[in-house]
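The residues making up each chain are set out below.
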Amino acid sequence: MSRGKNNLVKLGDAINAMLKQEKLDVKLSRFAVKNAWDEIAGKLIANHTTAIYFDDHKNVFVSLDSAAVKNEVMYSKEQIVKKINAFCGYELVSAIVVK
């Protein structure tokens with residue numbers, strides 16, 4: 001945290017430190033990814049997504065209701081991972097598991 005005179009802390013730095021300390025930054029990022037899924041994965045994939053959940057090992061699990069869309073996601077896994085991480089600004093996920 002950057003401190004000015006008299007040991008003052010910037011409010012933004014204090015909030016970021018608290019979020020990291022309580023591990024809320026990851027939870028907020030996961031929530032944001034779920035809310036922006038159509039922007040990240042595209043409308044077609046988002047329309048056929050039935051569930052998205054994360055584990056503690058940097059995996060995101062995506063359930064889809066279409067075999068054709070599952071095939072599409074299998075071929076574009078790396079690109080979707082990059083989009084998720086770019087959206088968050090750090091490495092939130094390292095792999096996608098399609099169900």
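Residues numbered from 1 in each chain as written. Predicted model: local features only at pLDDT ≥ 70, side-chain atom pairs only at ≥ 80, totals over all residues. Heavy atoms only, no water.

Here the focus is a nonpolar patch on the surface. Taken together, the side chains of Met18, Leu24 and Leu28 make up a nonpolar region of the molecular surface, amounting to roughly 250 Å² of accessible area. As for its placement among the helices and strands, Leu28 is situated in helix 2 (residues 24-35). On the accessibility criterion, Leu28 (48% relative accessible area) is partly exposed. (Patch = residues over 30% accessible without salt bridge, like charges linked within 9 Å, V, L, I, M, F, W, Y side chains within 5 Å. Areas by Shrake-Rupley, 256 points an atom, 1.4 Å probe, with all protein chains shown as cover. Salt bridge = Lys/Arg side-chain N within 4 Å of Asp/Glu carboxyl O. Helix = DSSP H or I, 4+ residues; strand = E, 2+ residues; numbered from the N terminus. Buried < 20%, exposed > 50% of the residue type's maximum accessible area, 1.4 Å probe, protein only.)

Inspection of the entire model under this criterion finds one aromatic pair. The interplanar angle of 10 degrees and the centroid separation of 5.0 Å between the aromatic rings of Tyr53 and Phe61 together place this pair among those described as stacked. The buried category is assigned to Phe61, whose relative accessible area is 15%. (Phe/Tyr/Trp six-rings, centres within 6.5 Å; stacked < 30°, edge-to-face > 60°.)

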